[in-house]
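Here is how the chains run, residue by residue.
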Amino acid sequence: MPPPDLVPGTLSHDAARSAGGVVELLDVLWERARESTPAPASASQLRLMYVVDRVGAIRMRALCGRLATAPPSVTRMCDRLQAIGFLERLPCPDSGREVTLRLTPAGQAHMRRIREEREEMLHQAINGMTHADRRALAKGLAGLHAQLTTTADEHSGSGGVSAA
């Protein structure tokens, strides 16, 4: 049985359902933005790039943990991203057995293009809202972001996950 605040017809349930619908719609729009860029990466590769971009450089083992993906799959994604010039592998400074991953300038530029295109989509939609709706959205999203960050921190145990 769902918690009392998630029973259909309650404010929490309605908000969660609305947020889920927005996320699904954004997934479709983001996919369009991803495919419209030169040398598009797959959705999984893009998630990998988000993580690497957020932390600057990351060990392969830590990346596998953050993505909750098996090392062979992460290695294949890294191979592809390295082949198109978006990712570089560097030796770990304190371990000869580990590899550190970092986005190349081309990978960083790719992420910037995708984020700019997505942000433009959001600006257009948000500009069509009333001032009161924009204010409520900003406040609600800030609260949701804080809760999701806390949840992600608790699950990863690795010091945080922020929005891309």
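Residues numbered from 1 in each chain as written. Predicted model: local features only at pLDDT ≥ 70, side-chain atom pairs only at ≥ 80, totals over all residues. Heavy atoms only, no water.

### What to know about the overall build of the protein
Looking only at helices and strands, the protein has six helices and three strands in total. Put simply, the protein runs from its N terminus to its C terminus through helices and strands in the order α-α-β-α-α-β-β-α-α. Counting only residues that meet the buried cut, the protein has 23% of its 164 residues in that class. Total accessible area on the protein is roughly 10,500 Å²; 59% of this is exposed by carbon and sulfur atoms. (Helix = DSSP H or I, 4+ residues; strand = E, 2+ residues; numbered from the N terminus. Buried < 20%, exposed > 50% of the residue type's maximum accessible area, 1.4 Å probe, protein only. Areas by Shrake-Rupley, 256 points an atom, 1.4 Å probe, with all protein chains shown as cover.)

### Concerning the nonpolar core
Counting residues in each nonpolar core, the largest one holds 22 residues, and the members touching the most others are Leu48, Met49, Leu63, Val74, Cys78 and Leu87. Sorting the residues of this core by element identifies α2 (43-55), α3 (60-67), α4 (71-83), β3 (95-103) and α5 (105-127) as the ones contributing at least two each. By residue number, the principal contributor to this core is α2, which donates six residues. Once residues lying within four places of it in the same chain are set aside, the contact partners of Met49 are Ala41, Leu81, Phe86, Leu103, Gly107, His110 and Met111. (Core = buried A, V, L, I, M, F, W, Y, C linked by side-chain atoms within 4.5 Å. Contact = heavy atoms within 4.5 Å.)

### Let's talk about the sheet that holds strand β1 (residues 58-59)
Strands sit in the order β1-β3-β2 across an open sheet of three strands; the sheet is antiparallel. A strand with exactly one partner marks an edge of an open sheet, and here the two such strands are β1 and β2 (87-92). Across the sheet, α4 touches β2 and β3, and the angle it forms with β2 is around 120°. (Pairing = 2+ DSSP bridges. Axes fitted to C-alpha atoms, helices over the stretch in contact; angles between N-to-C directions.)

### Notes on the side chain of Thr100
Along the polypeptide, Thr100 turns up in strand β3. If near-sequence neighbours (up to four positions away) are discounted, Thr100 is found in contact with Ala57, Ile58, Arg59, Glu88, Arg89, Leu90, Pro91, Cys92 and Pro93.

### Overview of the pairing of β3
Here β1 pairs with β3 via two bridges, running antiparallel. Bridged to Ile58 within β3 is Leu101. Strand direction decides the pairing type here: β2 and β3, joined by six bridges, are antiparallel. Looking across to β3, one finds that Leu87 is bridged to Leu103. Where β2 folds back onto β3 in an antiparallel hairpin, the turn is made up of two residues.

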